Amino acid sequence: MKLSTHADRTEERVGIRAEDIHRWIDGFFDSESFGHFLRTGSRAGFDPYNHRKYRHCAEALEDAYREFEGLYSREQIKAVFEGHIRDDYDGFVPLQEDFESGTFSEKYHENEEGGEPDKILTETELSEYFKGKAYPVAAADPRKPSAGFYWRIVWPTVIAAVLFASSAFTIIIPLFRSNMMEQKREMIKELTSTAASAIEFYIHQEQRGTMSREEAQRQAAAEVAELRYGIGRKDYFWITDMHPRMVMHPYRPELVGRDLTDYSDRADLSGKKLFVEFVELVKADNEGYLEYLWQWMDDASRAEPKLSYVRGVPEWGWVIGTGIYIHDVEEEISRLSRNLLLADGIIAAVLLGLLANIVFQSRRIEIDRKRAEAGLREAKDRYRALVEDSNEGYVLEVGGETVYSNRTLQSMSGYGEAELASMKIWELLDPDCEINTFAVAHLKQVYAQSTASAEFEARIRTKHGDLLDVLVSTSRIFFSEKNGHVISFGEISRGSQHTLKAFYRADAPHKLPDLEIQQQIADCNTAGQVILTLKKLPELVRSMADQGVRPGILRETVGLAYAAAIERFVIQALEELGAPSVPFAFLSLGSNARHEMTMFSDQDNALVFADVPEDRLTDVRRRFLALADDVCGKLKQAGYPYCPGGIMAANPKWCLSLAEWKRKFEQWIAEATPQAILEVNVFFDLRCAQGDGSLADELREHVHALTQQTPGFFLHYAKNCLGYKAPRLRRHGTGTINVKECIKPLETFARIYALKHALPMPGTLERLEQLHKIEVLPEEAFREIAYVFDYLWQLRFFNQIAASVELSTNTDELDLTTLTDIERENLQIVLSRIPAFQTRLSYDFLGVAAP
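Residues numbered from 1 in each chain as written. Predicted model: local features only at pLDDT ≥ 70, side-chain atom pairs only at ≥ 80, totals over all residues. Heavy atoms only, no water.

## Remarks on the overall build of the protein chain
Helices and strands together make up the secondary structure of the protein chain, namely 30 helices and 16 strands. Residues classed as buried in the protein chain amount to 47% of the 851 residues present. Sequence separation of 24 or more characterises 64% of the internal contacts of the protein chain that already satisfy a separation of 6 or more. Summing over all exposed atoms, the protein chain offers an accessible surface of approximately 42900 Å²; the carbon and sulfur share of this is 52%. (Helix = DSSP H or I, 4+ residues; strand = E, 2+ residues; numbered from the N terminus. Buried < 20%, exposed > 50% of the residue type's maximum accessible area, 1.4 Å probe, protein only. Contact = heavy atoms within 4.5 Å. Areas by Shrake-Rupley, 256 points an atom, 1.4 Å probe, with all protein chains shown as cover.)

## Here's the deal with the packing of helix 25 (residues 693-709) against helix 27 (residues 739-756)
Helix 27 packs onto helix 25 with a crossing angle of 85 degrees between their chain directions and a minimal axis gap of 9 Å. For the element pair helix 25 / helix 27, the angle class is roughly perpendicular. Residue-level contacts link V703, H704, T707 and Q708 of helix 25 to A754, L755 and K756 of helix 27. In terms of residue class, the contact of helix 25 with helix 27 is made up of three nonpolar, three polar and one charged. (Axes fitted to C-alpha atoms, helices over the stretch in contact; angles between N-to-C directions. Parallel < 35°, antiparallel > 145°, perpendicular 65-115°, else oblique. Nonpolar A, V, L, I, M, F, W, Y, C, P; charged D, E, K, R; others polar.)

## A few points about the pairing of strand 10 (residues 483-491)
Extensive coverage of strand 10 is indicated by the burial of seven of its nine residues. Two strands pair when backbone bridges link them, and strand 6 (residues 393-398) and strand 10 are joined in this way by six bridges, in the antiparallel orientation. If you follow L396 over to strand 10, its bridge partner there is V486. (Pairing = 2+ DSSP bridges.)

## Observations concerning the sheet that holds strand 7 (residues 401-405)
One open sheet accounts for five strands, arranged 7-6-10-9-8; its pairing is antiparallel. The sheet terminates laterally at strand 7 and strand 8 (454-461), the two strands that pair on one side only. Each neighbouring strand pair of the sheet contributes to a mean axis angle of 30 degrees, computed without reference to strand direction. With eight bridges connecting them, strand 8 and strand 9 (residues 467-478) associate as antiparallel partners. The residue bridging E455 from the neighbouring strand is S473, located in strand 9.

## A closer look at the packing of aromatic side chains
A full pass over the atoms with the stated rule returns 36 aromatic pairs. Between the aromatic rings of Y753 and F845, the centroid separation amounts to 5.1 Å while the plane-to-plane angle is 70 degrees, which identifies the pairing as edge-to-face. Residue Y753 is located in helix 27, and its partner F845 is located in helix 30 (residues 821-846); the two are separated by 92 residues in the primary sequence. Here Y753 and F845 have matching classes, each one buried. Grouping aromatic residues by their ring pairs yields a cluster made of W654, W661, F665, W668, F683, F684, F713, F714, Y717, F749, Y753 and F845. Positioned above the aromatic ring of Y65 is the side chain of R74, whose terminal nitrogen or guanidinium carbon lies 3.8 Å from the ring centre. Of note, R185 hangs over the ring of Y289, and the distance from its end group to the ring centre comes to 5.8 Å. (Phe/Tyr/Trp six-rings, centres within 6.5 Å; stacked < 30°, edge-to-face > 60°. Lys NZ or Arg CZ within 6 Å of the ring centre and 35° of its normal.)

## Thoughts on the confidence of the model for the protein chain
Predicted confidence across the protein chain gives a mean pLDDT of 81, with 83% of residues reaching 70 or more. Note on residues 113-120: pLDDT under 50 across the span, and eight contacts to partners over four residues away in sequence or across chains. The model gives residues 495-514 a pLDDT under 50, and that stretch makes 42 contacts with residues more than four places away or in other chains. (pLDDT = per-residue confidence, 0-100.)

## A short note on a nonpolar patch on the surface
The grouping of W151, W155, V158, I159, V162 and L163 at the surface amounts to a nonpolar patch, some 640 Å² of accessible area in total. A relative accessible area of 62% places W151 in the exposed class. (Patch = residues over 30% accessible without salt bridge, like charges linked within 9 Å, V, L, I, M, F, W, Y side chains within 5 Å. Salt bridge = Lys/Arg side-chain N within 4 Å of Asp/Glu carboxyl O.)

## Some remarks on the side chain of H56
Structurally, H56 is set in the loop between helix 4 (52-55) and helix 5 (61-67). Judged by its relative accessible area of 0%, H56 falls in the buried class. Here D26 takes part through its side chain, which lies 3.1 Å from a polar atom of the side chain of H56. A distance of 3.2 Å separates a polar atom in the side chain of H56 from a polar atom in the side chain of D88. (Polar contact = N/O pair within 3.5 Å; in protein donor to acceptor, adjacent residues only side chain to side chain.)

## Points about the environment of S212
Topologically, S212 is positioned in the loop between helix 9 (147-207) and helix 10 (213-225). Distance in space between the C-alpha atoms of S212 and Y202 is 9.6 Å, their sequence separation being 10 residues.

## What to know about unusual backbone geometry
Here the residue pair H243 and P244 is connected by a cis peptide bond, since its omega of 15 degrees sits within 30 degrees of zero. Structurally, P244 is set in the loop between strand 1 (237-241) and strand 2 (246-248). Positive phi, close to 65 degrees, is recorded for N286, a residue that is not glycine. Here N286 shows up in the loop between helix 11 (274-285) and strand 3 (287-296). With a phi close to 50 degrees, A672 is a non-glycine residue in the positive phi region. Structurally, A672 is set in the loop between helix 23 (658-671) and helix 24 (674-683). Take A672: its relative accessible area is 10%, and that puts it in the buried class.

## Describing the sheet that holds strand 12 (residues 605-609)
Pairing between the strands of a sheet comes from backbone hydrogen bonds, and it takes one of two forms, parallel or antiparallel. Strand order in the open sheet formed by four strands is 13-12-11-14, and the pairing between neighbours is mixed. The sheet is open, and its two borders are formed by strand 13 (655-657) and strand 14 (686-691), each paired with just one other strand. Across the sheet, the mean angle from the axis of one strand to that of its neighbour is 30 degrees, orientation sign disregarded. The sheet contact formed by strand 11 (residues 584-589) and strand 12 spans five bridges and is antiparallel.

Now the structure itself:
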């Protein structure tokens, strides 16, 4: 839709055009490539809708608020933003993740050329399809067309041709003749009205006493006698009285005064007493038409149809009339009939040719159709084999209704197919389990079509009362009429005693072993090879964990493999997209940059590129977004989910020039609001994963200079750091604690000191070691903090491994009942040291003891 059309609609709905907002929403539209796409019909690697994933999604609304704050109210921005997107997506506001869905693209992009999508299956048929209903297919000889083919194609065509031909002679020709005759009638009626008006003049003369009746009648008859029209001006008018007697006839003066009651002229070939019938017409309606056969001109041997019109002159008891030959109508009808017959013959010949070609091609068409049907049945069988034989339970939700559940879920839950269809899926969850609070809320939003895809743990209570821990995953899908979700339930295997034993291995390795996986990734030639290699990482990590490898080595193993994957993906993307026009750096952020990832960390990344003139900025950003989108998409395929907060280089908000990044940090440091500090906690930890490292170094130096120039920032940041509180264990060691939240105070402790002393390294332990070297941290304090950090990180890592044999379940919740008394006591001691570290931070930055 054109920008002006969007603005027109916005003006109707909201009262403002807001073209700047519409232009911002479509800001990454590649008009040059789209023009090439329209001219040629294709362009390698170009998706005309790819730009929409950045700002045609619900997540971009917050960016719109920030972009147009002060120009419009939040209500106006939201109305314009959502109105624009709903206009593009038939009233639907997608999420960014939806653009990765094939069903979404098929519904909203591939069908955009024309109208409503075809409804292939009704909801009942859709449900039956997924339940495996079979439809018998009769055997047929593919070498000849089926009977249905003749009824669908051949006979309707033949019948249509016959109906067309017959309609020409039963409808078209009579209608044509009627129209021509109507024109003739109107013509002679108007001519007779003209002649009658001349008579009316003399009637008025008589009535005024200017003339006597005899004189007025004589002059009126003489004037009408002179009137002529038609070919050669040979058509005329006559006058009789109501007896009838002839009053005037320009060509038959011998008839004047003669009684015409029984008059029969040899020119009248119809056998009618014409003048008597004329009088009868006038008596009935004061006017009328009469068709009859009359001698053609002066040729007594030829008779032609003639049409006469008569009109009464009641004041004098006269009848004035005229007549015309209508043989030209019949000639035109005959000519039209011949042309129609010729056209029918040509059309019939063309139709016969087309039918012959269709019949000739029918054998191939039938074969292709039967192959397609066979392929559809095979696809359906493969789907059923995949879903029904899966170890995971599946539910298909469409429009808020459960239309399908597989046998695995039925077996897992103890409920039958009909029972699952009739109940709400969250009713499977144990209502007394604390972790189900989020699960129930999310599943309700899923059925209301108001949430994004997610993955989380839950606990099912089976029909028989047993409890099962499951990993629930929801994915959005799009059908032609409605949208829905696929919900999977995978049973979780627990094994804490096996994995926690690594805490106590005396022979644990102390240094990083040679990492073949890192070299293997570097040697990969395709993205598929990189992804396949990364799939080996869980097995490698589990093996290292079982050997009791120390946490620092595990962190480096995961971090270096991730970094190697980014580097390889960027290089491969550049080989496909071409070398960039300006230097850039692909940045890892947060735990990715600190090399403190677990096996379940999501992506946190950004991109910085060298400054360019303002007129090139949008084009350069668009090209780097294409690069970032490719890299982030491949990381997702490799098992690193998109950041839920959208902190990725593929987000235009985090794909910026160096100057834009500097302004962004200046704003955060100057404002020091809770939201700004939240961003700081992610973006202050950065590492150049690939590209020009000098850009990252310059940005980091700029940040350090800003923080030194803004001492008030440390006051706000220190207060924020002190807001992270380590949880306390319950007296009897029951319940759960979030280990990730326990580590955050240590991360922020190292980050604020690193900023204060302009340390470039992003890792928490790296920072602590450097702070110890420059004598900011005494030996004892450094060892304590490093120990607590290592202990908690190791506990978190092994707890996640314990959550799933396949390393596919992300949980930071530690069940305290799985720990022994000594383990719980040791954990309590470790957690009790965190307030002491925060007390040091409070003294150093606030000048007071921590509350």
